[in-house]
Amino acid sequence: MDIIYSAEVLAAKEKNLAIVALESTIITHGMPYPQNVETARLVEQDVREAGATPATMAILNGTLHVGLEADQLDALGQAQNVSKVSRADFAACIAQGGTGATTVAATMIAARLAGVEVFATGGIGGVHKGAETSFDISADLQELAQTPVTVVAAGAKAILDIPKTLEYLETQGVPVISYGQDDFPAFWSAQSGLAAPLRMNDAKTIAKSQLLRQEIDLPGGQLVGNPIPADAEIKAEELAPVIAQAQSEADAQGVAGKAVTPFLLQRIYELTEGRSLTANIALVRNNAKLAARIAQELVALKQ
């Protein structure tokens, strides 16, 4: 399978520099143009300023791209009918010569293929509310259980069943690490009210844990829950009735399957008068900076 590296990523690989993987669904499915491209460029720059090289993943015309050139990023931000690619359709998108934006699961796969060990995203998918009857569980969780990439996220999206998500990750043997606090973060809110199984206070310890897992030959990656910055946070108690209203509207309108998450996120955006999107951008940028530090520590430890 062909992989095309951006000039920046290729140079970083040749010099054995720190690299951070970034997803592309935030560009194609997260927000409108040009805000999507502007945000993606901000996140890439955050990675650079924190001492690493950004590698935004995407499938363009049937070829996996590890890092996007400026014109490619701009074109992807304006493209129509881009597939939202996960584990199930990753190979199919390439085989059919398609263009696809990578979800958390697909970005982890792309990172593994490219030899990139750290990935920054917004929030992972998880167990949806009512999954005991619908079996609606994100592929992100299974990917964390089998693909050796450290994923830095602001926890799981608050629209999910976070207790069941944590239980599922525990069953799959995924280390769930809260960065700098005991509470597991809940995306727009710094705290979910649930204790994280593990706590680590510095990037070096997180990197060392990843290397030790590889030495022991343990499968899968690590999830690092990085709380949203305080000045961008929407408190959980304020969000709870908003999420409940959005969920009620989704149920009333018969929204199901893959359509649930984008419906809920859009309604929460409307009900919070845009504050949820502002918070989303802040937390992604915050995660990019931490991921860059972890990637740097991995390079240093290996040397």
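All values derive from a computational prediction rather than experimental measurement.

**Q** Even after reading the chapter, I still don't get helix α11 (residues 236-252), so can you show me in this structure?
**A** Along an α-helix, a turn takes 3.6 residues, which lines up residues three or four apart on a common side. The end-to-end C-alpha distance of α11 is 24 Å, a good match for the 24 Å that 17 residues give at a rise of 1.5 Å each. Those residues of α11 that are buried lie in contact with α12 (260-271). Following α11 by one or two positions, Gly-254 adopts a phi angle in the positive range, close to 70 degrees.

**Q** Just to check I follow, could you spell out the packing of α11 against α12 for this structure?
**A** Each pair of packed helices can be summarised by the angle the axes make with each other and by the distance between the axes. The geometry of α11 relative to α12 is characterised by a closest axis approach of 9 Å and an angle of 130 degrees between their N-to-C directions. Judged by the inter-axis angle, α11 sits oblique to α12. Both α11 and α12 take part in a crossing whose hand is right-handed. Between α11 and α12, the residues in contact are Leu-239, Val-242, Ile-243, Gln-245, Ala-246, Gln-247, Glu-249 and Ala-250 and Phe-263, Leu-264, Arg-267, Ile-268 and Leu-271, respectively.

**Q** Even after reading the chapter, I still don't get the side chain of Glu-23, so can you show me in this structure?
**A** For Glu-23, the position within the fold is in the loop between β2 (19-22) and α2 (25-28). Although Glu-23 lies buried, it forms no salt bridge, and the closest oppositely charged side chain, Lys-157, sits 6.3 Å away as judged by the N-O distance. Apart from the residues lying within four places of it in its own chain, the contact partners of Glu-23 are Thr-56, Met-57, Thr-102, Thr-103, Val-104, Thr-107, Phe-119, Ala-120, Thr-121 and Gly-122.

**Q** Help me understand the environment of Val-20, please; the structure alone is not making it clear to me.
**A** Within the secondary structure, Val-20 is located in strand β2. Classification of Val-20 by relative accessible area gives buried; the value is 0%. Along the sequence, Val-20 and Val-151 sit 131 residues apart, while their C-alpha atoms lie 9.9 Å from each other. Filtering out sequence-adjacent residues up to four positions away, Val-20 remains in contact with Val-47, Ala-52, Thr-53, Pro-54, Ala-55, Val-116, Val-118, Ala-120, Ala-291, Ala-292 and Ala-295.

**Q** Honestly, the nonpolar core in this entry has me stumped. Any pointers?
**A** Generally speaking, soluble globular proteins have nonpolar side chains that are buried together. By size, the foremost hydrophobic cluster in this structure holds 88 residues, and its most contacted members are Val-20, Phe-90, Ile-124, Trp-188 and Leu-223. Residue contributions to this core peak at eleven residues, all from helix α13 (residues 275-302). Apart from residues no more than four positions distant in its own chain, Trp-188 is found in contact with Ala-158, Ile-159, Ile-228, Glu-233, Ile-234, Leu-239, Leu-265, Ile-268, Ser-276, Ala-279, Asn-280 and Leu-283. If you look at the next biggest cluster of nonpolar residues, it comprises ten residues, including Ile-27, Ala-40, Leu-68 and Ala-101.

**Q** Would you take a moment to explain the packing of helix α6 (residues 104-114) against helix α8 (residues 139-146) for this structure?
**A** Interaxial distance between α6 and α8 falls to 8 Å at its minimum, and their mutual angle equals 25 degrees. Taken together, α6 and α8 sit at an angle that is classed as roughly parallel. In contact with Val-104, Ala-105, Met-108 and Ile-109 of α6, α8 contributes Ala-139, Asp-140, Glu-143 and Leu-144. Here the residues of the contact of α6 with α8 are counted per class, giving six nonpolar, no polar and two charged.

**Q** Just checking my understanding: could you explain the pattern of salt bridges for this structure?
**A** Opposite charge on two side chains lets them pair, provided their charged atoms get close. One pass over the structure, following the stated rule, counts eleven salt bridges. The salt bridge involving Arg-48 is made with Glu-44; its shortest N-O contact spans 3.6 Å. Of this pair, Arg-48 and Glu-44 both sit in helix α3 (residues 35-49), separated by four residues, roughly a single helical turn. Note that Asp-161 is salt-bridged to Lys-164, the shortest N-O span being 3.5 Å. Since its relative accessible area comes to 14%, Asp-161 is described here as buried. You can call Lys-164 partly exposed: its relative accessible area is 36%. Within the structure, one salt-bridge network assembled from shared partners comprises Glu-8, Glu-44 and Arg-48.

**Q** Sorry, what's going on with the side chain of Asp-183 here?
**A** The topology assignment puts Asp-183 in the loop between β9 (176-179) and β10 (198-200). Among buried charged residues, Asp-183 stands out as having no salt bridge; its nearest opposite-charge side chain is Arg-199, 10 Å away. A distance of 2.6 Å separates the side chain of Asp-183 from the backbone nitrogen of Ser-192, its partner in a polar contact. Within the local environment of Asp-183, its side chain forms a polar contact with the backbone nitrogen of Leu-194, the two atoms lying 3.5 Å apart.

**Q** I keep staring at the UniProt feature "active site" (unreviewed entry) in the chain and nothing clicks. Help me out?
**A** The residues that UniProt annotates with the feature "active site" (unreviewed entry) are Glu-23 and Lys-157. We classify Glu-23 as buried; its relative accessible area is 14%. Tracing the chain through its elements places Lys-157 in the loop between β8 (150-153) and α9 (162-171). Judged by its relative accessible area of 19%, Lys-157 is buried.

**Q** When you look at α8 in this model, what are you seeing that I'm missing?
**A** Within the span of α8, buried status applies to Asp-140, Leu-141, Glu-143, Leu-144 and Ala-145. Of the surrounding secondary structure, the elements contacted by the buried residues of α8 are α6, β8, α9 and β11 (222-225).

About the criteria used
One numbering rule holds for all chains: residues counted from 1, following each sequence as written. Residue-level local features of this predicted model are given only where pLDDT is at least 70; pairs of side-chain atoms are given and counted only at 80 or more, and the full residue set underlies all totals for whole chains, interfaces and linings. Values reported for side chains reflect all heavy atoms of the structure, with hydrogen atoms and water molecules removed beforehand. Each helix is a run of DSSP H or I of at least 4 residues and each strand a run of E of at least 2, with the numbering of both proceeding from the N terminus. Multiplying one less than the number of residues by 1.5 Å gives the expected span of a helix. Should any heavy atoms of two residues lie within 4.5 Å, those residues are considered in contact. Here an axis means a line fitted to C-alpha atoms, over the contact stretch when the element is a helix, while the angle between two N-to-C directions is reported on a 0 to 180 degree scale. Angles are sorted into four bins: roughly parallel if under 35 degrees, roughly antiparallel if over 145, roughly perpendicular if 65 to 115, and oblique for all others. In this scheme the crossing of two helices becomes right-handed for a clockwise turn of the near helix relative to the far one and left-handed for an anticlockwise turn of less than a right angle. Only protein chains enter the calculation, and the probe is 1.4 Å; a residue is then buried if its accessible area is under 20% of its type maximum, exposed if over 50%, and partly exposed in between. All tallies of charge rest on Lys and Arg as positive and Asp and Glu as negative; His and the ends of each chain are not included. Note on definitions: salt bridges are taken to be side-chain nitrogens of Lys or Arg within 4 Å of carboxyl oxygens of Asp or Glu. Side-chain atoms within 4.5 Å are what join buried Ala, Val, Leu, Ile, Met, Phe, Trp, Tyr and Cys residues into a set we call a nonpolar core. Here the nonpolar group is Ala, Val, Leu, Ile, Met, Phe, Trp, Tyr, Cys and Pro; Asp, Glu, Lys and Arg are the charged ones; every other residue, Gly included, is treated as polar. Under this definition, polar contacts are N or O atom pairs within 3.5 Å; protein pairs additionally need one hydrogen-donor-capable and one acceptor-capable atom, and for neighbouring residues in sequence, both atoms have to be side-chain atoms. UniProt positions are given in the numbering used here, feature names are shortened, and annotations may be inferred rather than shown by experiment.

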